[in-house]
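Overview (structure and organization)
If you want the building blocks of each chain, they are given just below.
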Amino acid sequence: MPTTIVFSSEKGGVGKTTSAVNLATAFAVGGYRVLLIDMDPQGSVRFSFGIKGPIAKGTLQLLTEPKTPLTALMQSSAEHGMDYVFSNIDTIAAERLVDAQVQRPDTLKGRLAREGGAYDFIILDAPASTGTLALNALTAADLVILPLQCESLAIKSLKRFLSAFKEMQVKYNPHLRVAGILLTMYDRSIEVHRRISRQLYDTLYDAVFATIIPKSKEVTEASALGQSVISYNINSVGATAYIRLAKEILDRYGLRPELAVS
Ligand SMILES: Nc1ncnc2c1ncn2[C@@H]1O[C@H](COP(=O)(O)OP(=O)(O)OP(=O)(O)O)[C@@H](O)[C@H]1O
Ligand SMILES: [Mg+2]
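Summarised in this report is the structure supplied together with it.

What counts as what
Residues numbered from 1 in each chain as written. Chains lettered and ligands numbered in written order. Predicted model: local features only at pLDDT ≥ 70, side-chain atom pairs only at ≥ 80, totals over all residues. Helix = DSSP H or I, 4+ residues; strand = E, 2+ residues; numbered from the N terminus. Rg over C-alpha atoms; globule rule 2.2 N^0.38 Å. Contact = placed C-beta atoms within 7 Å. Pairing = 2+ DSSP bridges. Axes fitted to C-alpha atoms, helices over the stretch in contact; angles between N-to-C directions. Parallel < 35°, antiparallel > 145°, perpendicular 65-115°, else oblique. Left-handed = near helix turned anticlockwise from the far one by under 90°. Nonpolar A, V, L, I, M, F, W, Y, C, P; charged D, E, K, R; others polar. Buried ≥ 20, exposed ≤ 12 C-beta atoms within 10 Å, placed from the backbone. Near = placed C-beta within 6 Å. Core = buried A, V, L, I, M, F, W, Y, C linked by C-beta atoms within 7 Å. Right-handed = clockwise from strand over helix to strand, strands pointing away.

In terms of regular secondary structure, the protein chain is built from 11 helices and 7 strands. The C-alpha radius of gyration of the protein chain comes to 17 Å, within 12% of the 18 Å expected for a compact globule of 262 residues. Overall, the C-alpha framework of the protein chain stretches about 50 × 40 × 35 Å when taken along its three principal axes. Counted over contacts in the protein chain with a minimum sequence separation of 6, partners at least 24 positions apart contribute 77%.

Here's what the structure looks like:
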C-alpha cells in the first residue's frame, strides 16, 4: 500500500512544488518506488524537470478518462528514478472540463486505489486553491504537508487553512493527517524569520517539522536548469535539507525503516 502525501497551502509561492519534487526525488534516491502527480493547472512540476513542450496525456486524462490506464498517462524517468503524471490542464477549457466531469471528490483516490499499488510513495503537488483539483488531491492523500514561509501573514493564513482543513477532513477524508508544517525558504539572518519560527515551535511543537528548508541559491539554480536540487548538487544545503525531511517522515511514520535513505 503506498503512502500518499500531498503538499498544500492556501498561499501561493510558498515552496509546494519545490518541496514535492525534492521529497519525491529524496525518496527515489533512497530506493523507494515513487509516483509524482502534478494536480496544479500551472503545471510547474514538468518545468522543474526541464520539460517545456505540451503534454498529450496527463492529469486531465487521469481525472476524466477512467478507462485509460495510469501507465498510459505517466512518464518514467530512469535518471530521476520515478514515474510522473504531468499536468496538462493548461487552458480554461480544460479546467472547465475537469469541473464538469469530475463530480466526485474521490475520483483520484479511486484511481490510485486501483492502479497505484506498485508504489511506496505517491506525492501530489496541489494548487493553492480550494477547487476540484485541490479537493481531489486532499481526498486521495494519507498525509498533508503544509509548506510555510516565516513571514508576517503566514500564521494568519495557516490558521485559516487549518480551519478549512478540519471541515474538509470531516466531510471528505477523515483518514487524512497533517504530517507537519514545513518551514521553507528560511533565512536565519532575517529577524522576522527567526521570530516567527520560534513562535511556531513554541505553540505548535512537533506539528512543525524539525527539518527546515533554508533559502538557498542552489535551489534557485536547479530550478532554472529544470532539475531537482538533489540531482543538481546532492551535497548542497537545499538537497541535504530535503533528504533530512524524507528521513524525518520515514521515522515519524515508521515507514519501511529497512530501506531508510542513507
Ligand atoms: N529553498 C528555496 N530557496 C530558494 N528558492 C526557493 C526555495 N524554495 C522555493 N524557491 C523558489 O520560490 C519560488 C516558489 O516556489 P514554488 O514554485 O515551489 O512554490 P509553490 O508553492 O509551488 O507556488 P505556487 O503556489 O505558485 O504553485 C520558485 O521560484 C522556487 O524556485
Ligand atoms: Mg506550485
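Attention now goes to the sheet that holds strand β2 (residues 34-38). Taken in spatial order, the 7 strands line up as β3-β4-β2-β5-β1-β6-β7 in an open sheet, and their pairing is mixed. Edge positions in the sheet fall to β3 (75-77) and β7 (177-184), since each has one partner strand and no second. Between one strand axis and the next, the sheet turns through 20° on average, direction left out of account. The strands that helix α1 (residues 16-29) touches are β1 (3-7), β2, β4 (82-85), β5 (121-125), β6 (143-149) and β7; relative to β5, the one it contacts most, it runs at about 165°.

Two numbers describe how α1 lies on helix α11 (residues 237-253): the axes approach to 9 Å, and their chain directions differ by 70°. In terms of their interaxial angle, α1 and α11 are classed as roughly perpendicular. The way α1 lies across α11 gives a crossing that is right-handed. Contacts between α1 and α11 pair Asn-22, Leu-23, Ala-26 and Phe-27 from the former with Tyr-242, Ile-243, Leu-245 and Ala-246 from the latter. Taken together, the residues of the contact of α1 with α11 sort by class into 7 nonpolar, 1 polar and no charged.

Here Met-1 is to be found in the segment before β1. Met-1 sits in the exposed class, given 9 other C-beta atoms within 10 Å. For the pair Met-1 and Val-208, spaced 207 residues apart in sequence, the C-alpha separation works out to 26 Å.

Gly-12, Lys-16, Thr-17, Thr-18 and Val-219 are the nearest of the 20 residues found near ligand 1. For the shell around ligand 1, the secondary-structure elements that each account for two or more residues are α1 and α9 (217-224). Per-class residue counts for the shell around ligand 1 are 5 nonpolar, 12 polar and 3 charged.

Tracing the chain through its elements places Asn-88 in the loop between β4 and α4 (92-101). Non-local contacts of Asn-88, meaning those with residues more than four positions away in its chain, are made with Ile-55, Gly-58, Thr-59 and Leu-60.

Moving on, we get to unusual backbone geometry. Positive phi, normally seen in glycine, also occurs at Met-185, with a value near 50°. Here Met-185 shows up in the loop between β7 and α8 (191-204). A count of 20 C-beta atoms within 10 Å places Met-185 in the buried class. One non-glycine residue, Tyr-205, lies in the positive phi region at around 50°. Turning to its location among the elements, Tyr-205 is positioned in the loop between α8 and α9.

What follows is about the nonpolar core. In terms of nonpolar packing, the biggest core is built from 75 residues, with Ala-24, Val-34, Leu-36, Ile-123, Leu-124, Ala-137 and Tyr-242 touching the most fellow members. Each residue touching Tyr-242, except ones within four places of it in the same chain, is listed here: Asn-22, Leu-23, Ala-26, Ile-213, Val-229 and Ile-230.

What follows is about the packing of helix α5 (residues 107-115) against helix α6 (residues 132-140). Direction vectors running N to C along α5 and α6 enclose 40°, while the axes themselves pass 7 Å from each other. Judged by the angle between their axes, α5 and α6 are oblique. α5 and α6 meet at a crossing whose hand is right-handed. Along its contact with α5, which presents Thr-107, Leu-108, Lys-109 and Leu-112, the element α6 presents Asn-136, Ala-137, Thr-139 and Ala-140. When its residues are assigned to classes, the contact of α5 with α6 shows 4 nonpolar, 3 polar and 1 charged.

Of all 7 residues in β6, 6 are buried, a share of seventy percent or more. In this sheet, β6 lies alongside β1 in parallel orientation, the contact comprising 3 bridges. Among the inter-strand pairings, Ile-5 is bridged to a residue of β6, identified as Leu-143. This β-α-β element, β6 to helix α7 (residues 154-172) to β7, shows right-handed connectivity.

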